[in-house]
Amino acid sequence: MSDTSPIQRLPAELILHAFTMALEELGERGYAPTNPSPTDLPWSLTKVCRLWRKLAIDYPRLWTHMDVRIDLVYGSMTPRFANDPVSLLRTALERSGRTPLHICYADPNPRFYGWRGPRTHSYTDLVTAGDTLFTLLIVNANRWRKAELRLSRPHISVLRSVRGYLPMLRSITLDTSDIGDDGHITNIPLDAFELAPSLEVMKVDMNFNPRAFIPLHLKPVLPSLTTFSDHRTCTFGMWPSYFAVLSTPSIRICEIRFQEIAEGERQELVALPPGKQWISPVEDFTMCCDLLLRHLTLPNLQAMTLGYNGECFVQARDFLPTFRDVLTRSKSPLTHLCLCNIVEDETILEVVPTIGTLKDVSFVGSSLDTWTWRYSQIIQDLIVRLQTRTYMGSGFDVLPRLESFDVTVYDCRDKEDLFFINKTFVDMVVDRARNGHLRSVNIFGVLPTSNPRLEGLAQDGVEELRKLRQELGMVIDISVESSGEEDAIRKSYI
């Protein structure tokens, strides 16, 4: 760029602001703001002109996002770049000064190495590079503000060295996918983060290895923790830590999504005295285990997700009565309820209509729990109850505050399994919209047919709902889709 170009006369603050916006836009689109490649931002900014190079090098904020995913850096079919990523990472760390860091690191995954063809480096090369790069990040752990880590067994061991040296850490995501097929690491408790005084968000994941887990040994020493999420398939020795997290005074959002509980732990939970209760200030809670739920008092609970949109074996007849007991003793101001894969039992009709504070109700049936005629019959019976008026007819007897009603079904067993979308459904929506508080209705289903249709929804019902949406400004979306990943046909009625 010419030194006489008009852009060269812009104030330095404005140019730096443009640099920052460019990085933030990449982040919003799902790209990591900084990948250690000289062809990416912010490296490319140093090659435009002398002014931009000086401004970029001297602006630490540009160098604080470290995206070090080894498979992406070394594992491409052709060399992504000639420079050494280790040198680039050292340079970025130096230029970032003492600014807090956002890091994204992923060890090479042996399951996927080479799945797209020949690679430019051996798997051993990737592991060696990962050791060096991860060590550089560990040395600077005192500057971590946000960390997303997908680690193999050796690096999980190294992670313990950061315990007590994380004064700036606010968010940590740990993916245990690459522990290995043997899975269980019982001698490495995940206690590296319990002495992080500023930690607000902690997430543990297991994307590709359902058998891998690490005992989570946490004590109530996380004064700033507001969000905790554990998405793994199995658990062992975890329940004391779960209760510790839920008892943290600052906790507001908690997701505990395991589906397999070790038999020894199940016996320990069953043996707890019924009166043993932990009081939690959590407001938004996702839970799959009624054994944990029965020992919780949740006076601030506003949103609850029961079950899990995945491999879930929760039974409504076991879970919902326990949940009703929690609401009764807690006097919770619950307004949002989502039931995932537990629409198989009439217990729903005994519990859900009794929660008078509910404003939003949603049902989700995933592809791993095929939706059947029985499930639709339960929804149909609930819709009939939603039409019930009070004795004097001035209001609704069931869920009088209902504002939103959603049903999402990813895999129907029969093309007619959404028969609850019929005249009764239309009448309920119209009555609730005009005489109640209903403002949003969303229905989506995947049907096993090449020509998806809702046989029970007549054209006059469609017109009535369209008129309702136009007059009241309601959100109404009713659509179905044919099954199959390729050439799926989607039909929207409203």
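Each value, and the rule that gives it
Residues numbered from 1 in each chain as written. Predicted model: local features only at pLDDT ≥ 70, side-chain atom pairs only at ≥ 80, totals over all residues. Heavy atoms only, no water. Helix = DSSP H or I, 4+ residues; strand = E, 2+ residues; numbered from the N terminus. Buried < 20%, exposed > 50% of the residue type's maximum accessible area, 1.4 Å probe, protein only. Contact = heavy atoms within 4.5 Å. Axes fitted to C-alpha atoms, helices over the stretch in contact; angles between N-to-C directions. Parallel < 35°, antiparallel > 145°, perpendicular 65-115°, else oblique. Left-handed = near helix turned anticlockwise from the far one by under 90°. Nonpolar A, V, L, I, M, F, W, Y, C, P; charged D, E, K, R; others polar. Pairing = 2+ DSSP bridges. pLDDT = per-residue confidence, 0-100. Polar contact = N/O pair within 3.5 Å; in protein donor to acceptor, adjacent residues only side chain to side chain. Salt bridge = Lys/Arg side-chain N within 4 Å of Asp/Glu carboxyl O. Expected span 1.5 Å × (residues − 1). Arc of directions from axis to C-beta. Phe/Tyr/Trp six-rings, centres within 6.5 Å; stacked < 30°, edge-to-face > 60°. Lys NZ or Arg CZ within 6 Å of the ring centre and 35° of its normal. Core = buried A, V, L, I, M, F, W, Y, C linked by side-chain atoms within 4.5 Å.

**What about the overall build of the protein?**
Looking only at helices and strands, the protein features 14 helices and 19 strands. With 494 residues in all, the protein has 52% of them scored as buried. Of the contacts formed within the protein by residues at least 6 apart in sequence, a portion of 74% connects residues at least 24 apart.

**A closer look at the packing of helix 13 (residues 423–435) against helix 14 (residues 459–472)**
Where helix 13 contacts helix 14, the axes come no closer than 10 Å and their chain directions differ by 20°. If you check the angle between helix 13 and helix 14, you find them roughly parallel. Two packed elements cross with a definite hand, and for helix 13 against helix 14 that hand is left-handed. Contacts from V426, V429, V430, A433 and R434 in helix 13 reach G461, E464, L465, L468, E471 and L472 in helix 14. Classifying every residue of the contact of helix 13 with helix 14 by side-chain character gives 7 nonpolar, 1 polar and 3 charged.

**What to know about the pairing of strand 8 (residues 253–256)**
The two faces of strand 8 differ: C254 and I256 on one face are buried, but I253 and E255 on the other face are not. Note: strand 8 against strand 11 (residues 284–287), 4 bridges, orientation parallel. If you follow I253 over to strand 11, its bridge partner there is D284.

**Description of the confidence of the model for the protein**
Per-residue confidence for the protein gives a mean pLDDT of 79; residues scoring 70 or more make up 75%. Strand 16 (residues 404–409) holds the highest mean pLDDT among the elements of the protein, 94, whereas helix 3 (residues 70–74) holds the lowest, 55. Scored below 50 in pLDDT, residues 208–213 shows 24 contacts in the model against residues more than four places distant or in partner chains.

**Some remarks on the side chain of S332**
Looking at the secondary structure, you find S332 in the loop between helix 10 (316–330) and strand 14 (336–340). Within polar-contact distance, the side chain of S332 engages the backbone oxygen of L298 at 2.6 Å. S332 has contacts with L298, P299, L301, L327 and T357, leaving out every residue within four places of it along the chain.

**Quick look at unusual backbone geometry**
We note that K331 has phi near 55°; this positive angle belongs to a residue other than glycine. With respect to the secondary-structure elements, K331 resides in the loop between helix 10 and strand 14. We classify K331 as exposed; its relative accessible area is 70%.

**As for the pattern of salt bridges**
Taken as a whole, this structure holds 11 salt bridges when the rule is applied. Ionic pairing is found between R466 and E463, a salt bridge with its closest N-O pair at 3.4 Å. Here the residue R466 and the residue E463 both occupy positions in helix 14, the gap between them amounting to 3 residues, near one helical turn. Owing to a relative accessible area of 40%, E463 belongs among the partly exposed residues under this scheme. Each of the salt bridges in this network shares a partner with another, and the network as a whole consists of R434, K467 and E471.

**Details of the environment of A433**
Mapping A433 onto the fold places it in helix 13. Overall, A433 belongs to the buried group, its relative accessible area being 3%. C-alpha separation for the pair A433 and E403, spaced 30 residues apart in sequence, amounts to 8.6 Å. Apart from the residues within four sequence positions on either side, A433 is in contact with L438, R439, L468, L472 and M474.

**Some thoughts on helix 14**
End to end, helix 14 covers 20 Å across 14 residues, agreeing with the expected 20 Å (1.5 Å per residue, within 8%). Turning to helix 14, its buried residues are G461, V462, L465 and L468. Down the axis of helix 14, the buried set is contained in an arc of 125°. They therefore lie on one face. Away from its buried face by more than 90 degrees, helix 14 exposes Q459, D460 and Q470. Of the surrounding elements, those touching the buried residues of helix 14 are helix 13 and strand 18 (475–482). Once helix 14 finishes, G473 follows within two positions and takes phi at roughly 70°, a positive value.

**A short note on the packing of aromatic side chains**
Scanning the model with the defined rule gives 8 aromatic pairs in all. Ring centres of F243 and W278 lie 3.9 Å apart, and the angle between their planes is 0°; on these two criteria the pair is classed as stacked. Separated by 35 residues along the polypeptide, F243 in helix 7 (residues 239–246) and W278 in strand 10 (residues 278–279) bring together distant segments of the chain. F243 sits in the buried class, given a relative accessible area of 1%. For W278, a relative accessible area of 19% translates into the label buried. Summarising the aromatic geometry, the rings of F363 and F405 are spaced 6.2 Å apart at their centres and angled 65° between planes, so their arrangement reads as edge-to-face. In this pair, F363 is assigned in strand 15 (residues 360–365) and F405 in strand 16, connecting sequence segments 42 residues apart. Here the basic side chain of R95 rests over the ring of W63, its NZ or CZ set 4.8 Å away from the ring centre. Cation over ring: K276 sits above W278, and NZ or CZ is 5.0 Å from the ring centre.

**A word on the nonpolar core**
If you look at the biggest cluster of nonpolar residues, it comprises 127 residues, and the most contacted ones within it are W144, L159, F285, F425 and I478. Excluding residues within four positions of it along the chain, F285 makes contact with L246, C254, I256, L293, L296, L298, L301, A303, M304 and T305.

**Quick look at the packing of helix 12 (residues 373–386) against helix 13**
It is the contact of helix 12 with helix 13, at a shortest axis distance of 9 Å, that shows an interaxial angle of 35°. In terms of crossing hand, the pair formed by helix 12 and helix 13 is left-handed. Contact with helix 12, carried on its side by I383, V384 and L386, involves T424, F425, M428 and R432 of helix 13 and no other residues of that element. In terms of residue class, the contact of helix 12 with helix 13 is made up of 5 nonpolar, 1 polar and 1 charged.

**Focus: the side chain of S229**
Tracing the backbone shows S229 in strand 6 (residues 227–230). For S229, a relative accessible area of 5% translates into the label buried. What S229 contacts, discounting residues up to four positions off in sequence, is M202, K203, V204 and E255.

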